[in-house]
Every structure is written in C-alpha cells, then in structure tokens.
Amino acid sequence: MAATKIVVVGGGAGGLPLVTLLGRRLGKHGVADITLVDSNNIHVWKPRYHEVATGAIDADLDAVDYRGHARLNHYRFEPGTLSGLDSKAKEIRLAPVNDDQGQEVLPERSVAYDYLVLAIGSCSNDFNTPGVRDHALFLDSRQQADRFREKFLNACLHANHNNSPLSVAIVGGGATGVELAAEIHHAVSMLKLYGHEHLDRKQLNVHLIEAAPRILPALSERVSLAAHTRLEGLGVKVHTGTMVERAEPGTFVVKDGDNIEADLLVWAAGVKAPAVLGTLDDLERNRINQVVVEPTLQAVGQPNIFAIGDCAACTLPGAERPLPPRAQSAQQMAHYMARSFERLLVRDQPFRPFRYRDHGSLVSLSQYSSVGMLMGNLKGGNFFVEGWLARIMYISLYRLHQAALYGWPRTLMLLIAGRFNRLVRPRLKLH
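First, a word on scope: everything that follows refers to the structure included in this document. (Residues numbered from 1 in each chain as written. Predicted model: local features only at pLDDT ≥ 70, side-chain atom pairs only at ≥ 80, totals over all residues. Heavy atoms only, no water.)

### Some details on the overall build of the chain
Convention followed: Under the scheme used here, helices are H or I runs from DSSP no shorter than 4 residues and strands are E runs no shorter than 2 residues, and both carry numbers assigned from the N terminus. Classification of residues uses two cut-offs on accessible area relative to the type maximum, computed with a 1.4 Å probe and protein chains only: under 20% is buried, over 50% is exposed, and between them is partly exposed. Note on areas: Shrake-Rupley with a 1.4 Å probe; residue coverage comes only from the protein chains shown. Only four residue types enter the charge count: Lys and Arg as positive, Asp and Glu as negative, with His and the chain ends excluded. Throughout, a charge is located at the NZ atom of Lys, the CZ atom of Arg, the CG atom of Asp or the CD atom of Glu.
For the chain, the count of helices and strands is 11 helices and 25 strands. Its C-alpha atoms give the chain principal-axis dimensions of about 70 × 45 × 45 Å. The buried share of the chain, taken over its 431 residues, is 51%. Surface accessibility of the chain: about 20,800 Å² in total, with carbon and sulfur atoms responsible for 51%. Separation between the mean location of the 47 positive side-chain charges and that of the 43 negative ones in the chain comes to 8 Å.

Shown next as structure tokens:
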C-alpha cells in the first residue's frame, strides 16, 4: 500500500515544525510521504526579522536549510511558489523557479497530495494607501529584511560622514513596529563601536506611527503603556491616533497633522494573507484572503485541505473573533495537526476540534528591556512581566522553536556555538 501523501505549503513558524513532527512520527516509518513546499531555500523565524533588518543577528548563521533539515527529519523539500490548486484532482501547481538573471531553473510543476496543509503565513496590509508600495520598505520576508539592512547601513554611513541627523519613520505600532524602533536605537549605539565616530543616538530620530489611540492595540493597556514609556525613554517619537494618507519620497503624508519626513520609510501595519489565496476558487476566504476553516482546521467544504497559522481564519466555538495571527497560534496548530494525522493514519481515528491556549504575549525592546503579559492557569490569572525577566522569557521562545526543529541537545550546541561566534565576530552584521 502506497504511503499517504501529505503536502505542506509554507515552511514558517507553523509549517516547518509540522513537517518536522510528521517526518519523525510518520515519514520515518513509511506511513506517510511528507513534502514541504517553500519559495525559499532556508527558514528564518519571522519574529526575528526586525533583528535581521538591523544586523542584530546574522540570518545566515541562524537560518535552517530546508534540504539539510529534510534529510535529518524524513521529509522531502520542493522549492517553489504556490500558483494554483485543483482540489478535484488533488494537486497543486507551482510557478516556475528563475535565477537572479531571470533564467528558468525549474518549470511549472504539479504536486499531488492526499492531504494538503496551507501554512503560507501573512504579509503587511498597506490598505491600498497610495505610494506605500513605491516608497516604503517592508519586513515580510528575509529578502525585504536584508534590503532594509542595506539601506539602513548606507544611511548610517552617510549620516556619520556628514555628521548629520538620521531619521526613520515606521508605520504600525504593533509588535513588529515597536520592536524595530527599539532595535534601530540599539544598532546605532553599536555602530559607534565600529568606525561610526560621528553617529550618535542624539541625532537619531525614529518615528513610530499608529492609527489607533495606543501602540500594541491587540495587547493590554498596561503592556501598551509600558512599551510606550520605554520607547519614549529611548528617544522614539510615538505618534498615536495618526492616520497616514499616502507616502511620497521621504515623507509620510498624514491626515490632520504635520507630515513626517524621514530618510527611511517603513510600513509594518496591518495583516493579510498572501494574494495567491485570493485566486484559489476552491476555498472560502475572508476579506483579508485568509482561508476559512472549521474547528478541525479543515477548509470549509474541503475535508482534505487544511490551513494553519496566519493564513487561516479559525473562529473556535464560543469565540467572537478568529485566532490572532501570532507565532504561538501557528505552533500550537502545527502540534495539533501532527497529532491528528498520527491518530488518523495510525489508529484510524477522526480529527478532534482544535483547542487554543493563549500563553500571553511578549514584546522585545532590543537589549534594553522586554514587556508582556503571561496567561495563568486560573481564570483571570494574568501576569504582567517586564525588564530582565521578560527579556529572558522572550529569548526562550526562540530557543523553544529551535528545540522543536532540532531537539534540545542540538539546540544547546547551537547556543554554545553562538557564544563562541560572538568572541570573533562583530556584534552587528555590518554588510
């Protein structure tokens, strides 16, 4: 009997842990043939893109190579970008893969499946604001984070040479915007140690622009206030209740206020699923292209297709809103899917409804601090954390992600290797 074909599209915070677990539990024993499809060859944890963007981490050192990881964890890797779906034939189409010169490396292909899991994440939502796509930078991919770092370092070189101010304007007071604002301040202070004698945080102007009445609107007011206070302590100019009408070269034009000029414009507001999902007529989607799923994470009307993570609109029984687009949601869905497929294929048991447990949220303010709210086991047992304790807990989230991919022995070795690297490498990626 042929092994069941499980295809997972997207190797992010949900997709990569899922194929890892499926490979170890089912692929290793020939129960299932697992394939991961992703447009990149390596995985970098998306919550760290703001650190990649400022050079705080070297993504090449922290990245997971899909091919190498697939060999160790008993799944296949297929490079490509989802371009179509035929649910009747049970196959997906992948767009051609081209090199940097536009030469075709791989043609358009079809990949057959028995079960399909969509885990292609999300991207920023510019709400069709005029000029944003042309004049602002985004942090939705490793490539975009690298592009920001290149422009940021060049702007720092220019400011240092001319002994002039440096300004960055960030639209979006969610976790990405808040963390990037703090990380920029840390990067400038570090660059002063590497030949930028005239670059000073006193000449750095970082603007954080949020349309809502407060930053981190999805989190509690206490967390929001703590983050706001710490950002202003660093020198970040926080603009709340500020709506951006359009972007022009070097300027965000705001409604009913003064325009905000900057050397670098960044858009980190809003969330939507990738546009390709809007072209898949076999699936029910919501207004931001997310796939509407049942409590079992099965796409509505498609029992063989699942969606997890940011691209899934999952409203659990008793809830008023879909689950939030967070890494912890994607990770919990991945573990649920792995257990569900194991029950289905090994013990012939049906899928049970997914249960989500909110463990709280933590926001990093670079090396300066972290703030967040943890959810206790008792009703109403929420705990506010800040400072070094919150910082340690924030870092531990990434270590838990690594442990899910490598296991704890290898994760500890990576941690030790990272410490040795810091002895011989700059504290920032300078190129």
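### Things to note about the sheet that holds strand β12 (residues 166–171)
For the record, the criterion: Two strands form a pair only when DSSP identifies at least two bridges running between them. The convention used is that axes are lines fitted to C-alpha atoms, helices contributing only their stretch in contact, and that angles between N-to-C directions extend from 0 to 180 degrees.
The sheet built from 4 strands is open, its strands ordered β14-β13-β12-β18 with parallel pairing. In this open sheet, the two edge strands, each paired with only one partner strand, are β14 (237–239) and β18 (264–267). Neighbour-to-neighbour, the strand axes of this sheet turn through a mean angle of 15°, independent of strand direction. In terms of strand pairing, β12 meets strand β13 (residues 204–209) through 6 bridges, oriented parallel. Its bridge partner being in β13, I170 is matched across the sheet by L208.

### Focus: the pairing of β12
As a reminder of what qualifies: Throughout, right-handed denotes a crossover for which the path from the first strand over the helix to the second runs clockwise when the strands point away from the viewer.
Of all 6 residues that make up β12, 6 are buried, and the element is covered over most of its length. Burial along β12 is two-sided: L166, V168 and I170 and S167, A169 and V171, pointing in opposite directions, are all buried. In terms of handedness, the path from β12 via helix α7 (residues 175–191) over to β13 forms a crossover that is right-handed. Here β12 pairs with β18 via 4 bridges, running parallel. Paired with I170 across the two strands is V266, which belongs to β18.

### A closer look at the packing of aromatic side chains
Between two aromatic rings, the relevant description is the distance of the centres plus the angle of the planes. Heads up, the rule is: When the centres of two rings from Phe, Tyr and Trp lie within 6.5 Å, Trp using its six-membered ring, the rings pair. Their planes under 30 degrees apart give stacked, over 60 give edge-to-face, and anything left gives tilted.
Under the counting rule described, the total for this entry stands at 10 aromatic pairs. Taking 6.5 Å as the distance between ring centres and 50° as the angle between the ring planes, the aromatic pair formed by Y115 and F306 counts as tilted. You can see Y115 sitting in strand β11 (residues 115–118) and its partner F306 sitting in strand β21 (residues 302–307), a full 191 residues away along the chain. Each member of the pair, Y115 as well as F306, is classed as buried. Taken together, a centroid distance of 5.9 Å and an interplanar angle of 10° make the contact between F148 and F152 stacked. Here F152 and F148 lie together in helix α6 (residues 142–162), a separation of 4 residues that amounts to about one turn.

### Side note on the sheet that holds strand β15 (residues 244–248)
Think of a sheet as strands paired side by side through backbone hydrogen bonds, with each pair either parallel or antiparallel. Reading across from one edge, β15-β16-β17 is the order of the 3 strands in this open sheet, with antiparallel pairing throughout. Each edge of the sheet is formed by a strand with only one pairing partner; in this case those strands are β15 and β17 (260–261). Summarising the sheet, strand β16 (residues 251–254) and β17 pair through 2 bridges and their orientation is antiparallel. Bridge pairing links T251 to E261 in β17.

### A short note on the nonpolar core
Our working definition: The set of buried Ala, Val, Leu, Ile, Met, Phe, Trp, Tyr and Cys residues whose side-chain atoms join them within 4.5 Å is what this entry labels a nonpolar core. The criterion used for residue contact is that any of the two residues' heavy atoms lie within 4.5 Å.
Among the nonpolar cores identified, the biggest contains 58 residues, and L18, I92, L116, L118, L297, M337 and F341 are the most heavily contacted of them. Those residues in contact with F341 that sit more than four places away from it in its chain are I6, L22, L26, Y115, V117, F306, V346 and F351. Core analysis: the second largest hydrophobic core is formed by 50 residues, A59, L180, M190 and V371 among them.

### Describing the pattern of salt bridges
So the rule is basically this: Every case where a carboxyl oxygen of Asp or Glu lies within 4 Å of a side-chain nitrogen of Lys or Arg is listed as a salt bridge.
Tallied over the full model, the rule gives 10 salt bridges. With a closest N to O distance of 2.8 Å, R76 and D33 form a salt bridge. Residue R76 is located in strand β5 (residues 76–79), and its partner D33 is located in strand β2 (residues 32–38); the two are separated by 43 residues in the primary sequence. In this structure D33 comes out as partly exposed when scored by relative accessible area, which is 23%. What you see here is one network of salt bridges that share partners, running through R48, E51 and D62.

### Comments concerning the environment of E342
Looking at where E342 falls in the secondary structure, it is placed in helix α9 (residues 327–347). For E342, a relative accessible area of 23% corresponds to the partly exposed category. Once the C-alpha coordinates of E342 and L21 are considered, the two residues, 321 residues apart in sequence, prove to be 9.8 Å apart. Those residues within four positions of E342 in sequence are excluded, and the remaining contacts are R25, L26 and R347.

### Focus: helix α1 (residues 15–27)
Note the threshold: How far a helix is expected to stretch is found by multiplying one less than its residue total by 1.5 Å.
With 13 residues, α1 ought to run about 18 Å at 1.5 Å a step, yet its terminal C-alpha atoms sit only 15 Å apart, falling short of that. Burial within α1 is extensive, with 11 of its 13 residues counted as buried.

### Notes on helix α10 (residues 387–406)
Taking 1.5 Å of rise per residue, the 20 residues of α10 would be expected to cover 28 Å, and the 29 Å separating its terminal C-alpha atoms lies within 8% of that figure. Three or more residues of α10 are buried, namely A390, R391, Y394, Y398, H401, Q402, A403 and L405. Looking one or two residues past α10, G407 carries a phi angle of roughly 90°, positive in sign.

### Section: the packing of α1 against helix α4 (residues 66–73)
Note the threshold: Between 65 and 115 degrees an angle is taken as roughly perpendicular, under 35 as roughly parallel, over 145 as roughly antiparallel, and anywhere else as oblique. Each residue receives one of three labels: charged for Asp, Glu, Lys and Arg, nonpolar for Ala, Val, Leu, Ile, Met, Phe, Trp, Tyr, Cys and Pro, and polar for the others, Gly being one of them.
Relative to each other, α1 and α4 sit at 30°, their axes nearing to 9 Å. The orientation of α1 relative to α4 falls into the category roughly parallel. Residue-level contacts link L16, V19, T20, G23 and R24 of α1 to Y66, H69 and N73 of α4. In the contact of α1 with α4, the residues fall into 3 nonpolar, 4 polar and 1 charged.

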